[in-house]
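Here's the letter readout for the chains.
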Amino acid sequence: MLTDTITDTDFVKFWNTVLEPKFTKYRHILQGGLSRHSAAVLPNLPIRKGMSVLDVGCGWGDMSLQVAEVVGPGGRVVGIDCVDAFLQAARKDAAAKGLTNVQFLRGDAEVALPENEFDYVIARFGTMFFTNPVAALRRMRKALKPGGGMTHIVWRRREDNPAWQAAKDITLRYLPPPGADADTCGPGPFSMGNEEMTGIMMKSAGYEGVTFTRVDEKIMVGRTPEECIAFALAIGPGGEVFREAGAELAEAKRPEIEREMRAFFESEERDEKGIWAPTSSWVISARNPG
Ligand SMILES: C[S@@+](CC[C@H](N)C(=O)[O-])C[C@H]1O[C@@H](n2cnc3c(N)ncnc32)[C@H](O)[C@@H]1O
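The structure contained in this document is the topic of the report that follows. Each chain carries its own residue numbering, running from 1 in the written order of its sequence. Under the rules for a predicted model, residues below a pLDDT of 70 receive no local features and side-chain atom pairs below 80 are neither given nor counted, while totals for whole chains, interfaces and linings still include all residues.

**As for the overall build of the protein**
Phase 1 of the analysis: The helix and strand inventory of the protein stands at ten helices and eight strands.
Phase 2 of the analysis: Just to be clear, the radius of gyration here is over C-alpha atoms, and the globule rule we use is 2.2 Å times residues to the power 0.38. Relative to the globule expectation of 19 Å for 290 residues, the C-alpha radius of gyration of the protein, 19 Å, shows essentially globular dimensions.
Phase 3 of the analysis: Seen through its C-alpha atoms, the protein measures out along the principal axes to roughly 55 × 40 × 35 Å.
Phase 4 of the analysis: Expressed as a percentage of contacts within the protein between residues at least 6 apart in sequence, the contacts between residues at least 24 apart total 82%. Helix and strand definitions follow DSSP, with helices as H or I runs of at least four residues and strands as E runs of at least two, each counted in order from the N terminus. Whether two residues are in contact is decided by their C-beta atoms, placed from the backbone, lying within 7 Å.

Listed below in structure tokens is the structure:
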């Protein structure tokens with residue numbers, strides 16, 4: 001454990017108690033959707049046999065496992081996440097695949113990461129949640145050997161991700177916005193969507209050669225309209241408004257919110273697998289100066 005001797009922050013406690021059960025319930029939607037954004041990217045990264053790679057905010061670890069196959073037995077992958085249940089699932093999947101070159105560790109990237117140890121650092125939809133993003137991005141850079149590379153994937157702006165935003169807009173028509181002291185999962189999913197600001201963060205964290213590549217992918221947001229609605233009210237910007245409004249008010253407004261959400265999701269593309277919504281991410285790559 002990286003944070004054995006450090007008490008969990010409120011943020012880590014929140015992930016382990018409030019968010020974890022919701023994420024686990026909708027793993028098929030989340031992992032299925034997020035992996036579509038890394039599928040085209042991973043094969044083009046300069047990750048080779050024998051390399052050591054760190055996956056920050058690895059979640060259920062599917063990307064760590066894919067990279068473990070690429071680096072092979074002579075290489076090594078470490079997945080770090082702050083949620084125990086995700087790490088347990090990741091370890092189980094690694095064992096089922098017979099992968100012995102991958103290790104999953106409990107850690108808070110805001111508090112501590114290994115230093116000067118890795119050839120490459122990756123993160124898929126994990127860095128937007130950092131409360132102090134420049135400090136955490138710098139810590140990720142320091143995890144690299146000199147000259148090492150990093151790639152993280154983050155959502156582009158809210159207007160480029162209309163399904164996430166629609167869920168929030170609909171709930172806000174019936175419920176108040178979360179207060180300034182609300183329990184949240186950090187600055188939020190779109191906090192790195194602005195290319196100019198995130199470029200400044202990367203440079204402030206000490207990276208060089210920063211590039212942004214846009215990825216547009218349709219992702220399955222639920223197998224049925226009912227599942228889309230339940231997912232949108234559990235996770236993401238709409239889920240946050242619903243949760244923070246308090247059970248009494250939220251439940252009173254649920255029928256109207258669900259009616260409007262149903263109309264929205266029924267207007268999205270549908271096939272035999274489910275309902276699909278367009279989403280857009282940045283693949284941000286950079287180097288630790290050599
Ligand atoms: C949206 S999920 C993405 C998970 C995984 N990378 C994927 O793409 O399936 C964000 C992940 O970041 C983790 N996370 C958020 N803040 C973290 C921190 N400070 N340190 C370590 N992990 C963190 C969460 O526990 C969660 O697993």
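**Concerning the site of the ligand**
Phase 1 of the analysis: Using a C-beta atom placed from the backbone, a residue is scored as near a molecule or strand whenever that atom is within 6 Å of it. Near the ligand you find 20 residues, and of these Gly57, Gly59, Ala109, Arg124 and Gly126 are the closest.
Phase 2 of the analysis: Elements supplying a minimum of two residues to the shell around the ligand: helix 2 (27–39) and strand 2 (76–81).
Phase 3 of the analysis: The residue makeup of the shell around the ligand, split by class, is eleven nonpolar, five polar and four charged. The nonpolar class holds Ala, Val, Leu, Ile, Met, Phe, Trp, Tyr, Cys and Pro. Asp, Glu, Lys and Arg form the charged class, and all remaining residues, Gly among them, are polar.

**A closer look at the nonpolar core**
Phase 1 of the analysis: Val53, Val121, Met140 and Val221 are the most contacted members of the largest nonpolar core, which totals 82 residues.
Phase 2 of the analysis: Looking at which element gives the most residues to this core, the answer is strand 8 (residues 275–287), with six residues.
Phase 3 of the analysis: Not counting chain neighbours up to four residues away, the residues in contact with Val221 comprise Ile29, Ala163, Cys228, Phe231, Ile275 and Ala277. Only buried Ala, Val, Leu, Ile, Met, Phe, Trp, Tyr and Cys residues enter a nonpolar core, and they are joined through C-beta atoms within 7 Å. Counting other C-beta atoms within 10 Å of a residue's own tells you its class, since 20 or more makes it buried, 12 or fewer makes it exposed, and anything in between is partly exposed; those C-beta atoms are placed from the backbone.

**Quick notes on the packing of helix 8 (residues 225–234) against helix 10 (residues 247–266)**
Phase 1 of the analysis: Only C-alpha atoms enter the line fits that serve as axes; for helices the fit covers just the stretch in contact. Angles between N-to-C directions range over 0 to 180 degrees. Look at helix 8 against helix 10: their axes get within 9 Å of each other, and the N-to-C directions meet at 120°. Put simply, helix 8 runs oblique to helix 10. In the crossing of helix 8 with helix 10, the sense of the turn from one axis to the other is right-handed. Here Pro225, Cys228, Ile229 and Ala232 of helix 8 come into contact with helix 10, specifically with Glu258, Met261, Arg262, Phe265 and Glu266.
Phase 2 of the analysis: Taken together, the residues that form the contact of helix 8 with helix 10 break down as six nonpolar, no polar and three charged. Angle categories: roughly parallel below 35 degrees, roughly antiparallel above 145, roughly perpendicular from 65 to 115, and oblique for all the rest. A crossing counts as left-handed when the near helix is turned anticlockwise from the far one by less than a right angle, and as right-handed when that turn is clockwise.

**Description of the pairing of strand 1 (residues 52–56)**
Phase 1 of the analysis: Strand 1 sits mainly inside the fold: five of its five residues count as buried.
Phase 2 of the analysis: Of the two faces of strand 1, the one carrying Ser52, Leu54 and Val56 and the one carrying Val53 and Asp55 are both buried.
Phase 3 of the analysis: Only when DSSP finds a minimum of two bridges between them are two strands counted as paired. Bridge count for strand 1 against strand 2 is five bridges, and the pairing is parallel. Across the sheet, residue Asp55 finds its bridge partner in strand 2, namely Gly79.
Phase 4 of the analysis: With three bridges joining them, strand 1 and strand 4 (residues 118–124) adopt parallel strand pairing. Within strand 4, the position partnered with Leu54 by the bridge is Val121.

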